[in-house]
Amino acid sequence: MRIIGGKFRRRQLPVLESPGLRPTPDRVRETLFNWLAAYVEGAQVLDLFAGTGALGIEALSRGATSACLVERDSKVAAQLSHNLALLEVENASVISRDVSAFLTTPPSTAFSLVFLDPPFHQALVEPCCQALENGWLTPQAMIYVETEAGLSPPVPNCWSLHRETRAGESIGRLYQRLL
């Protein structure tokens with residue numbers, strides 16, 4: 001995986017081979033972070049279903065204040081921790097836990113930027129979006145949701161679609177919370 005912008009630009013990071021792991025392609029990340037240019041600096045980031053950590057690490061590279069990366073697979077989470085150590089990142093944490101269980105715990109902070117890219121075809125998007133409304137988000141938070149093409153899950157009424165892109169078998173939607 002290659003970091004495409006910010007202070008870690010062009011850095012290559014190893015990716016663990018794991019079934020279902022879908023690194024967000026460079027082109028999609030570039031589009032997404034162009035959309036987020038005004039929101040990343042100083043953001044507190046929550047990367048759910050972090051996988052390779054491409055989105056959370058890219059946000060850190062571009063000036064996010066902190067990141068919490070949540071990944072269920074302990075081996076993938078260990079690789080994330082290793083990659084953060086390679087980059088000498090000290091303002092990020094990796095939590096090896098099921099995202100649904102993680103979101104049932106009371107949040108210690110509200111996040112201004114959230115990445116939600118769950119495994120496809122498992123009906124995880126809608127319950128996660130609803131759970132995020134339980135104190136996990138700042139009033140104007142930006143939420144990126146990636147789903148399989150053809151899926152348009154309902155999101156909370158206070159989320160407004162900001163932008164949308166399609167790449168292969170997936171659709172990425174960026175929402176802004178309006179409270």
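Residues numbered from 1 in each chain as written. Predicted model: local features only at pLDDT ≥ 70, side-chain atom pairs only at ≥ 80, totals over all residues. Heavy atoms only, no water.

What follows concerns the pairing of strand 3 (residues 92–95). Pairing of strand 2 (residues 66–70) with strand 3 involves 4 bridges; the strand directions are parallel. Looking at the pairing, Ala67 lines up with Ala92 of strand 3. Since strand 2 and strand 3 lie parallel, the crossover through helix 4 (residues 74–86) that links them has a hand, and here it is right-handed. (Pairing = 2+ DSSP bridges. Helix = DSSP H or I, 4+ residues; strand = E, 2+ residues; numbered from the N terminus. Right-handed = clockwise from strand over helix to strand, strands pointing away.)

A few words on the pattern of salt bridges. If charged atoms from side chains of opposite charge come close, those side chains can pair. Counted under the stated rule, the structure contains 6 salt bridges. Among the ionic pairs, Arg177 bridges to Glu133, the shortest N-O distance being 2.7 Å. On the criterion of sequence distance, the pair formed by Arg177 in strand 7 (residues 170–177) and Glu133 in the loop between helix 6 (125–132) and strand 5 (137–148) is long-range, its members being 44 residues apart. Glu164 is paired through a salt bridge with Arg173; the nearest N and O atoms lie 3.0 Å apart. With relative accessibility at 8%, the residue Arg173 sits in the buried group. What emerges from the salt-bridge pattern is a single network uniting Arg2, Asp26, Arg29, Glu58 and Arg62. (Salt bridge = Lys/Arg side-chain N within 4 Å of Asp/Glu carboxyl O. Buried < 20%, exposed > 50% of the residue type's maximum accessible area, 1.4 Å probe, protein only.)

Core analysis: the biggest nonpolar cluster contains 31 residues, and Leu32, Phe33, Leu36, Val45, Ala59, Leu113 and Phe115 have the highest contact counts within it. Secondary structure elements with two or more residues in this core: helix 1 (26–35), helix 3 (54–61), strand 2, helix 4, strand 4 (111–116) and strand 5. Tallying contributions element by element places helix 3 first for this core, with 5 residues. Not counting the four nearest positions on each side in its chain, Leu36 is found in contact with Leu113, Phe115, Met142 and Leu174. The next biggest cluster of nonpolar side chains, apart from the first, holds 26 residues, and it includes Val99, Phe111, Val114 and Val145. (Core = buried A, V, L, I, M, F, W, Y, C linked by side-chain atoms within 4.5 Å. Contact = heavy atoms within 4.5 Å.)

To continue, consider the packing of aromatic side chains. Here the structure, examined in full by the defined rule, presents 4 aromatic pairs. A ring pair is formed by Phe33 and Phe115, whose centres lie 5.9 Å apart and whose planes are at 50°; its orientation type is tilted. Taken together, the residues span a long stretch of sequence, with Phe33 in helix 1 and Phe115 in strand 4 at a distance of 82 residues. Residue Phe33 is classed as buried on the basis of its relative accessible area, which comes to 2%. When the centroid spacing of 4.9 Å and the interplanar angle of 40° are considered together, the rings of Phe102 and Trp136 count as tilted. (Phe/Tyr/Trp six-rings, centres within 6.5 Å; stacked < 30°, edge-to-face > 60°.)

Quick look at helix 4 now. A rise of 1.5 Å per residue sets the reference length of helix 4, with its 13 residues, at 18 Å; its end C-alpha atoms lie 18 Å apart and thus fit the reference within 8%. Of the positions making up helix 4, those classed as buried are Val76, Ala77, Gln79, Leu80, Asn83 and Leu84. Buried residues of helix 4, viewed axially, fall in a sector of 155°; they line one side. Those residues of helix 4 that are exposed and aimed more than 90 degrees away from the buried face are Lys75 and Ala85. The N-capping residue of helix 4, defined by a side-chain oxygen 2.9 Å from the backbone nitrogen of Lys75, is Asp73. A positive phi of about 60° marks Glu88, the residue just after helix 4. (Expected span 1.5 Å × (residues − 1). Arc of directions from axis to C-beta. Polar contact = N/O pair within 3.5 Å; in protein donor to acceptor, adjacent residues only side chain to side chain.)

Another point: the sheet that holds strand 3. Read from one edge to the other, the open sheet built from 7 strands follows the order 3-2-1-4-5-7-6, with strand pairing classed as mixed. In the strand order of this sheet, the two ends are held by strand 3 and strand 6 (159–167), each with one partner. This sheet shows a mean twist of 15° between the axes of neighbouring strands, independent of strand direction. Looking at chain direction, strand 4 and strand 5 are connected through 5 bridges and run parallel. Of the residues in strand 5, the one forming a bridge with Phe111 is Leu137. (Axes fitted to C-alpha atoms, helices over the stretch in contact; angles between N-to-C directions.)

With that out of the way, let us pick up the pairing of strand 6. In the sheet, strand 6 pairs with strand 7 via 8 bridges, with the strands oriented antiparallel. What sits directly across from Ala167, in strand 7, is Ser170. Between the antiparallel neighbours strand 6 and strand 7 lie 2 residues, among them Gly168 with a positive phi of about 60°.

Function-wise, these values are silent; they only describe arrangement.
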